[in-house]
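The chain contents come next:
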Amino acid sequence: MSSAGQQRFTGTTVIGTARLIAAKDLRVELRSRVLLNQVLPFALIVMVMFAFALDSDAVLERVAPGLVWLAALFSALIMVSRSFAVETADGALDQLRSAGVPAMGIFIGKMMALMAQLVVLVTLLIIAAVVLYRAELSWAGSVLLVTTGLTATCGLAAVGTLYGGLAAGAKGRETLLPLLLLPVVAPVLIGATRATESAFGTRGVSTSQGWPWLGLLAVFAVLFSVSGAVAFGPLLDD
Amino acid sequence: MSNDRVTSTPFTKGLGFFVLLGIALLIILGIFVSPADVNQGESVRIMYAHVPGAWLAYLAFVMTAVSSAAYLWKRTRSLTWDRIAGASAEVGVLFMGISLVTGSLWGRLTWGTYWTWDARLTTTAFLFVTYIGYLAVRGLGGTHQQRARRSAVLALLAVLEIPLVHFSVELWNTLHQEASVAGRGTDVEMNGLMLFTLFLGVVVFTLMYVWLVLHRQRSLMLEDMLEDSGLDSALSERRAEATQAGR
Amino acid sequence: MSTVSHGHDPATLEPVVDLCDAVAVLGSFPALAGATMTVLRGEIVLLSGPNGAGKTTLLRLCAGLVALERGRGRVLGVDLSIDRESVRHRVGMIGHSNGLYGDLTVTENVRFWGRTVGASESEIDLAVSRMGLDGRLAHLSVSRLSAGQRRRTALAGLVARRAELWLLDEPHAGLDAAGRDELDSVLKMAATAGATVIVASHELERASKLATRQVEVIAGQVRKVVGL
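Visitor: I'd like a rundown of the sheet that holds strand E1 (residues 17-26) of chain C, residues and numbers included.
Guide: Residue and element names in this part refer to chain C. Read across the open sheet, the 4 strands follow the order E2-E1-E4-E5; overall the sheet is antiparallel. Looking at the sheet topology across the chains shown, the edges are occupied by strand E2 (29-39) and strand E5 (78-79). Strand direction decides the pairing type here: E1 and E2, joined by 7 bridges, are antiparallel. Along E2, the bridge assignment pairs Leu19 with Met37.

This is the structure:
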């Protein structure tokens, strides 16, 4: 019984579950196209609205990095809500819990899927900044920018999944999530904006000045990935 | 029996008396007796409420974090820790609000501005919002254990978040071109009486914190008990109901 | 015919569910106030009783989702008072929601739930065809299915993840006559395939045709056991 039982449930490892959940989330996105048809257009219109509000090419060029990451944060809030709406719409999250699926695997899987979508979002926002705000990008700047983008989205995906899971079961989660999430992601906004400024060469900041900010982003990503993986189980279980 | 239903004990009554006495003394010393500052003038008197208020708020949040950890640790798990964490956070949010308001008034008088992007100030504002969120999560409902676990995890996450925010704001500030207004004209040359008044403020506020948390913790316990009341009667009622139906 | 070989397995001789004076508490309310019940492998047991009698809590207790406060409880040979986590993945519970992803197809949903326990592709195909979901339905997205077909997909998910004990809470609710017939045939199929089924239902007439035994739950206790 025991040997057969062990062999039977090899699919319940953390890594296996994470891959399964991530693949499922990306497939749901592929079918529903919420990111493509709703979130990305929203992010773009926010970038356009910023231009109306600030009303000056010089100012826009100066604040372009900050606007990219602000728009990314607002769009990320919507994506986190969506990621957990998929799970709670028909009680799938309860079903996952009652099926004894490892919570750490659920966390990592959802975080990976969210990160993949955030990378698409941030890429689009950077292109928008280049096109709309005349941000300029050198080769050395691009390397910095890609590294910044990956590290920042990793951190965002980790906190997003963690707090999204916390708010998932609750009524009024749409309003609770921004209140919980925005204060926490302030270091990402600061770090990613400064690093992006260096990459764009905004205000004459050189590329090399951007790299130290990556340290902050990396610390953030590691801290919240680890604490999220550990805390997700207690948050879901009741 | 009726003694269980009130939140005061002889200890808290005595403590409350001392707190009232201390506040009266603090008002007399802070507003009438202590001298105006050489640099800041009369506005230095705000400090006697602001500094103890900020101290208390940070003390409250440390207490919330410690009680949350005590709840999560299996060997000390008890809903009492959860209620202390909640009570402490409520008191902390209140006093952090007070110290933010008094601080910005003081800043207006001294620096000519309500707000400055100083790391300590900004971190305090973030802490304020974070714990408002914490209190919102406490109000989400569910069983007592669910509430306790959810909010305890959140309180520990805040312990991760706050130093990161502080650190990043500090980094951000060092690169700032404009010199921070903080540090200008703020040198306070405190004489003995002024220092004593400040010290008294910290002691009185700390005692007030203990008094508030004890009462609030007990009133939270009564709230929980009210929800739990009838546990025994419910069980016997339910059994009687079943026996009746069985006949 | 395959059931013959199962007969020699000593595990099948033990009751699938064995509760003795079980008490379970919701918050502070004793939803189960001392329930005693035994269910054997392959049975389809109907739980009847008024609203608030504790049927749902009884099902959740068997699924390892509610703690056993007092009394004894064993499910699939696992003592609930010691370890209710390890019983979870062998039990499938479907309540008012189906736990399906509306944007994915029937096969994708069943495959997802199968994969959570590491089921092979052939096992998943078998689950889909056993529930009559192969063919046209297999590649339809769940959001376009009828309520009955959705429930059938959820049950196929239970087959795919090899649930040995099926706990169904009001499965007939929200289904039309055709959907109900469909559900009943699926449950019979599951029982012949070796699963044990406990159904909580208000639809006594319908469910009693299906069940091998009826258990009446009143005020958190099991009052009457009627063989059918």
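Visitor: Residues and numbers for the confidence of the model for chain A, please.
Guide: All names here are of chain A. Of the residues in chain A, 94% have a pLDDT of 70 or more, and the chain-wide mean is 88. When pLDDT is averaged over each element of chain A, helix H6 (residues 103-133) comes out on top at 95 and helix H1 (residues 2-8) at the bottom at 38. Note that residues 1-10 has pLDDT below 50 and, in this model, 6 contacts with residues that lie over four places away or in other chains.

Visitor: Describe the nonpolar core, and please don't skip the residues or the numbers.
Guide: Residues Leu125(A), Ala60(B), Cys62(C), Leu167(C) and Val199(C) are the most contacted members of the largest nonpolar core, which totals 209 residues. Element by element, the count of residues in this core is highest for H6(A), at 17 residues. Excluding residues that lie within four positions of it along the chain, Leu125(A) makes contacts with Ala43(A), Met47(A), Val68(A), Ala71(A) and Ala72(A).

Visitor: Give me the lowdown on the interface of chain B and chain A, citing residues and values where you can.
Guide: At the junction of the two partners, chain B supplies 21 residues and chain A supplies 19 residues. If you tally residues by element for the side of chain B that touches chain A, the top one is helix H5 (residues 144-175) of chain B, at 13 residues. Grouping the constituent residues of the side of chain B that touches chain A by class yields 12 nonpolar, 6 polar and 3 charged.

Visitor: Please set out the interface of chain C and chain A residue by residue, giving values where relevant.
Guide: In this complex, chain C contributes 24 residues to the contact, which on the side of chain A involves 24 residues. Here the side of chain C that touches chain A gets 3 residues from one element, more than from any other, and that element is helix H3 (residues 106-115) of chain C.

What counts, and at which threshold
Residues numbered from 1 in each chain as written. Chains lettered and ligands numbered in written order. Predicted model: local features only at pLDDT ≥ 70, side-chain atom pairs only at ≥ 80, totals over all residues. Pairing = 2+ DSSP bridges. Helix = DSSP H or I, 4+ residues; strand = E, 2+ residues; numbered from the N terminus. pLDDT = per-residue confidence, 0-100. Contact = placed C-beta atoms within 7 Å. Core = buried A, V, L, I, M, F, W, Y, C linked by C-beta atoms within 7 Å. Buried ≥ 20, exposed ≤ 12 C-beta atoms within 10 Å, placed from the backbone. Nonpolar A, V, L, I, M, F, W, Y, C, P; charged D, E, K, R; others polar.

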